[in-house]
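Geometric and topological summary
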Amino acid sequence: MSTRSVRRPPVLADVARAAGVSVPTVSRVLSGSAPVSADKRRQVLRAIEELGYRPNAAAQALVTGRRSIVSVLTADTTRYGYAETIRGIEEAARAVGLVVAITVLDTDAEESIEAAVDLALGQPLAGAIVLEFDIRGSRALTILPKSLPVSAVSSGSEGRRVPRALFDDRSGGRDATNYLLGLGHRTVHHVAVPGSGRPSGRTLGWREALEAAGAPVPEPLMSDWTARSGYQAGVSLARRRDVTAVLCGNDEIAFGVIKGLQAEGLRVPEDVSVVGFDDHPLAEMWTPSLTTMGQDFAELGRMAVGFLLGRLGGGAYRAPSSSLKLVVRGSTAPPHP
């Protein structure tokens, strides 16, 4: 059996070595996303030609000037809200011939976020969409070049001025808290999600509702988005005699809080009412079924694509408003006499 040597196609690192520049510099030349000196650009283009390096997307961008990739910068792809938003972005982008490339922001460290943004900019981008749900998204948004068309999905409009698909977390937090107060609870405890450099809108709305009602404002417990942190919070809350109602920053936390309360011998909702946020698919199937503030994350993603098309001059786009709705299920009740 004979073997034949097969020469592998050149990759980005080969071009960088041949041109005597860094890989990010080659990426910037291919994408046009950041300035590169004329000398380095000539070196890179010469190396590309000599090596025959022609990735499809980059070749199209070099020849036609048209770009079809949208980079989605996100801190997570698995949590419900993140995943549903990305699904909406992908659906809307595909409908207009755009390709979605996801770049994950792995850590809060500034150098890690800068590296992720640099990786995204190494592609021939039409634009970028940032999921500004957390501190990583907020930081990424500040360092994307001003020349790149950008939109965001966010719960607030502070920081860099870009078109944002907004969900009104603040009013949702107020509505959920007022619902629990309306059931007769003296106050509402809160297990908060991390904010994007400031308290989340859900936490702000919770506090506003309590203050407007003249109710005590307990110190919120912080979580890390996960059911495990919710469980720990639930165990802690169960050991306090004054807790009859809890607003959780998301449904996963609420699942954990319910388990933590139950592990300490309390009943939901007979002893403690629990409200979540987001209307996770498991909320209806949980025991007890979870009362929650529901919102359409996929629609937010589609709105963000529409705003980006507006930046790209792709025609008018009428974005529907995003609304939240309280979904009442079995985890809430008036306080036990």
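The structure reproduced in this document is the subject of the present report. Within each chain, residues carry numbers counting from 1 in the order of the written sequence. Totals for whole chains, interfaces and linings use all residues, but because this is a predicted model, local features are given only for residues with pLDDT of at least 70 and pairs of side-chain atoms are given and counted only at 80 or more. Side-chain figures throughout are based on the complete set of non-hydrogen atoms in the structure, without hydrogens or water.

**Description of the packing of helix H1 (residues 12-19) against helix H3 (residues 38-51)**
Running from amino to carboxyl end, H1 crosses H3 at an angle of 120 degrees, the nearest separation of the two axes being 8 Å. Judged by the angle between their axes, H1 and H3 are oblique. Pair H1 / H3 crosses with right-handed handedness. On H3, the residues that touch Asp 14, Val 15, Ala 18 and Ala 19 of H1 are Gln 43, Val 44, Ala 47, Ile 48 and Leu 51. In this classification, Asp, Glu, Lys and Arg are treated as charged, Ala, Val, Leu, Ile, Met, Phe, Trp, Tyr, Cys and Pro as nonpolar, and every other residue, Gly included, as polar. When grouped by side-chain class, the residues that make up the contact of H1 with H3 number seven nonpolar, one polar and one charged. Simply put, an axis is a line fit to the C-alpha atoms, just over the touching stretch for a helix, and the angle between two N-to-C directions goes from 0 to 180 degrees. Counting from the N terminus, the helices are DSSP H or I runs at least four residues long and the strands are E runs at least two residues long. We call two directions roughly parallel when the angle between them is under 35 degrees, roughly antiparallel when it is over 145, roughly perpendicular when it lies between 65 and 115, and oblique otherwise. Crossings are classed by handedness, with left-handed meaning an anticlockwise turn of the near helix from the far one by less than a right angle and right-handed meaning a clockwise turn. We call two residues contacting when some pair of their heavy atoms lies within 4.5 Å.

**Looking at helix H10 (residues 227-238)**
To estimate how far a helix should extend, the number of its residues minus one is multiplied by 1.5 Å. With 12 residues, H10 should cover 16 Å at 1.5 Å per step; its first-to-last C-alpha distance of 16 Å lies within 8% of that length. Accessibility here uses a 1.4 Å probe with only protein chains present; expressed as a share of the type maximum, an area under 20% marks a residue as buried, one over 50% as exposed, and anything in between as partly exposed. Those residues of H10 that sit buried are Ser 229, Gly 230, Ala 233, Gly 234, Val 235, Leu 237 and Ala 238. Where the residues of H10 are buried, they touch strand E6 (189-192), strand E7 (221-222), strand E8 (245-248) and helix H11 (251-263).

**Focus on the pattern of salt bridges**
What counts as a salt bridge is simple: a side-chain nitrogen of Lys or Arg found within 4 Å of a carboxyl oxygen of Asp or Glu. A full pass over the atoms with the stated rule returns 18 salt bridges. With a shortest N-O distance of 2.8 Å, Arg 87 and Glu 84 are connected by a salt bridge. On the criterion of helical spacing, the pair formed by Arg 87 and Glu 84 is a turn pair, its members being three residues apart in helix H5 (residues 80-95). Among the ionic pairs, Glu 91 bridges to Arg 302, the shortest N-O distance being 3.1 Å. Placement of the pair is Glu 91 in helix H5 and Arg 302 in helix H12 (residues 297-312), with a sequence separation of 211 residues. With relative accessibility at 30%, the residue Glu 91 sits in the partly exposed group. One network of salt bridges, with partners in common, ties together Glu 84, Arg 87, Glu 91, Glu 299 and Arg 302.

**A short note on the sheet that holds strand E10 (residues 291-295)**
Strand pairing in a sheet relies on backbone hydrogen bonds. The paired strands run either parallel or antiparallel. At least two DSSP bridges between two strands are needed for those strands to be called paired. Pairing in this open sheet of six strands is mixed, and the strands run E7-E6-E8-E9-E10-E11 from one edge to the other. Bordering the open sheet on either side are E7 and strand E11 (324-327), each of which pairs with just one other strand. Across three bridges, the pairing between E8 and strand E9 (residues 273-278) is parallel. Residue pairing in the sheet places Leu 247 in a bridge with Val 275 of E9. Here helix H8 (residues 169-182) sits on the sheet and contacts E8, E9, E10 and E11; the angle it forms with E9, its principal contact strand, is near 160 degrees.

Take it as geometry only, folks, not as evidence of what the structure does.
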